[in-house]
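# Architecture and fold: a report
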Amino acid sequence: MEELEAREDITSLPPSDYEHLAGDLTRAYSAVIGEWLGYMEHLSENYPYLFSLAVRKNPFNREARVEVLS
């Protein structure tokens, strides 16, 4: 957030700045995915019903739905 807030207008940045921010996002996204996978493993092994809900709420699937469909 600090990187984005430090810029007055993110719609008119030079290409080098977009590349820099893209690298930051890639690093952050990779870290979040690793943590999420570890959490999913924990839920799967210890809390199967919460794991089921978490899979249905999958933040990496735009079409994910919480409702259980038969």
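Residues numbered from 1 in each chain as written. Predicted model: local features only at pLDDT ≥ 70, side-chain atom pairs only at ≥ 80, totals over all residues. Heavy atoms only, no water.

## Observations regarding the overall build of the chain
In terms of regular secondary structure, the chain is built from three helices and zero strands. Element order for the chain, N to C, with α for helix and β for strand: α-α-α. Here the C-alpha radius of gyration of the chain, 17 Å, is well above what a compact globule of 70 residues would show, namely 11 Å. Summarising its shape, the C-alpha atoms of the chain cover approximately 50 × 25 × 15 Å along the three principal directions. Counted over contacts in the chain with a minimum sequence separation of 6, partners at least 24 positions apart contribute 9%. (Helix = DSSP H or I, 4+ residues; strand = E, 2+ residues; numbered from the N terminus. Rg over C-alpha atoms; globule rule 2.2 N^0.38 Å. Contact = heavy atoms within 4.5 Å.)

## What about helix α2 (residues 15–46)?
Over its 32 residues, α2 extends 46 Å from the first C-alpha to the last, a length consistent with the 46 Å expected when each residue adds 1.5 Å. Of all the positions in α2, only Asp-17, Leu-21, Met-40 and Leu-43 are classed as buried. Structurally, α2 contributes buried residues whose contacts are with α1 (2–5) and α3 (48–56). (Expected span 1.5 Å × (residues − 1). Buried < 20%, exposed > 50% of the residue type's maximum accessible area, 1.4 Å probe, protein only.)

## Some thoughts on the environment of Leu-50
Here Leu-50 is to be found in helix α3. When the C-alpha atoms of Leu-50 and Met-40 are compared, they prove to be 9.3 Å apart, with ten residues separating the residues in sequence.

## A few points about the packing of aromatic side chains
As enumerated under the stated definition, the model contains two aromatic pairs in all. Here the aromatic rings of Tyr-29 and Phe-60 are separated by 5.7 Å at their centres, their planes lie at 75°, and the arrangement is edge-to-face. Taken as a pair, Tyr-29 in helix α2 and Phe-60 in the segment after α3 lie far apart in primary sequence, 31 residues in all. According to the relative accessible area criterion, Phe-60 is partly exposed, its value standing at 32%. (Phe/Tyr/Trp six-rings, centres within 6.5 Å; stacked < 30°, edge-to-face > 60°.)

## Here's the deal with the packing of α2 against α3
How two helices pack is summed up by the angle between their axes together with the distance between the axes. Relative to each other, α2 and α3 sit at 140°, their axes nearing to 6 Å. Comparing their axes, α3 and α2 come out oblique. Seen from α2, the contacting residues are Met-40, Leu-43, Ser-44 and Asn-46; seen from α3, they are Pro-48, Leu-50, Phe-51 and Ala-54. Class assignment of the residues belonging to the contact of α2 with α3 gives a composition of six nonpolar, two polar and no charged. (Axes fitted to C-alpha atoms, helices over the stretch in contact; angles between N-to-C directions. Parallel < 35°, antiparallel > 145°, perpendicular 65-115°, else oblique. Nonpolar A, V, L, I, M, F, W, Y, C, P; charged D, E, K, R; others polar.)

## Some details on the confidence of the model for the chain
For the chain, mean pLDDT is 90; residues scoring 70 or higher make up 99% of the total. Element-level pLDDT for the chain is lowest in α1, with a mean of 86, against a maximum mean of 94 in α2. (pLDDT = per-residue confidence, 0-100.)

## A word on the environment of Glu-63
Structurally, the position occupied by Glu-63 is in the segment after α3. By relative accessible area, which is 67% here, Glu-63 ends up exposed. As for Glu-63 and Ala-28, which are separated by 35 residues in sequence, their C-alpha atoms are 23 Å apart.

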